[in-house]
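Coordinate inspection notes
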Amino acid sequence: MPSLTLLPLQESPGNLACLIVVGILGLLMVILLALMAYQRYIAGKRPVQHLCDYCGHMVAVVSDCHHAPVKEKFLHGICTECKSECRLVCAKCKRPV
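Read on for a plain summary of the structure.

Rules of the game
Residues numbered from 1 in each chain as written. Predicted model: local features only at pLDDT ≥ 70, side-chain atom pairs only at ≥ 80, totals over all residues. Heavy atoms only, no water. Helix = DSSP H or I, 4+ residues; strand = E, 2+ residues; numbered from the N terminus. Polar contact = N/O pair within 3.5 Å; in protein donor to acceptor, adjacent residues only side chain to side chain. Contact = heavy atoms within 4.5 Å. 1 Å grid on protein atoms, 1.4 Å probe; cavity = no way out; pocket = protein on both sides within 12 Å on 5 of 7 lines; lining within 4 Å. Points joined across faces, edges and corners; volume = space filled by probe spheres on them. Nonpolar A, V, L, I, M, F, W, Y, C, P; charged D, E, K, R; others polar. Patch = residues over 30% accessible without salt bridge, like charges linked within 9 Å, V, L, I, M, F, W, Y side chains within 5 Å. Areas by Shrake-Rupley, 256 points an atom, 1.4 Å probe, with all protein chains shown as cover. Salt bridge = Lys/Arg side-chain N within 4 Å of Asp/Glu carboxyl O. Lys, Arg positive; Asp, Glu negative; His and termini not counted. Charge placed at Lys NZ, Arg CZ, Asp CG, Glu CD. Buried < 20%, exposed > 50% of the residue type's maximum accessible area, 1.4 Å probe, protein only. Pairing = 2+ DSSP bridges.

Once that is clear, we can look at the side chain of His 50. Checked against the element boundaries, His 50 lands in strand β1 (residues 50-51). Of note is the side chain of His 50, whose polar atom sits 2.9 Å from the side chain of Glu 72. Here His 50 is in contact with His 57, Met 58, Val 59, Val 61, Glu 72 and Val 97, once residues within four sequence places are set aside.

What follows is the structure, given as structure tokens:
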């Protein structure tokens, strides 16, 4: 059969080197996926501290509507009390972060 000679893992002098490179790339992909899962499911649950421009403290942020904790998104948050988008304000001085 002529199609058997076109298989990628056919016997050749560079076959071992190719398998090693594929194995290393596969291992790096597994490590990358594990780090992404860690960031999303474990490290993403920790509260984030922000530096307030006005009072200078490292603070947790709250919503500007109810001063309730927020689920943070990029540059805005979701208020946990009213479930609407809100701006992030300092928990101590209540000014925008």
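Moving on from the model shown.
Below, the discussion takes up the layout of surface pockets. In this structure, the largest pocket encloses a volume near 320 Å³. The set of elements that each furnish at least two residues to the lining of the largest pocket consists of β3 (61-63) and β4 (70-72). Looking at the lining of the largest pocket, its residues break down into seven nonpolar, one polar and five charged.

So, about a positive patch on the surface. Together, Arg 40, Lys 45, Lys 71, Lys 73 and Lys 83 line one region of the surface with positive charge. Checked against the element boundaries, Lys 73 lands in the loop between β4 and β5 (77-79). You can call Lys 73 partly exposed: its relative accessible area is 48%.

Together, Leu 16, Ile 20, Val 21, Ile 24, Leu 25, Leu 27, Leu 28, Ile 31 and Leu 35 make up an exposed nonpolar region whose accessible area comes to about 890 Å². Classification of Val 21 by relative accessible area gives partly exposed; the value is 47%.

Moving on, we come to the sheet that holds strand β6 (residues 85-86). If you walk across this open sheet you meet the three strands as β4-β5-β6, and the pairing is antiparallel. Looking at strand neighbours, the two that pair on one side only are β4 and β6, the edges of this open sheet. Alignment of β5 against β6, held across two bridges, turns out to be antiparallel. By the bridge assignment for β6, Ile 78 is matched with Glu 85.

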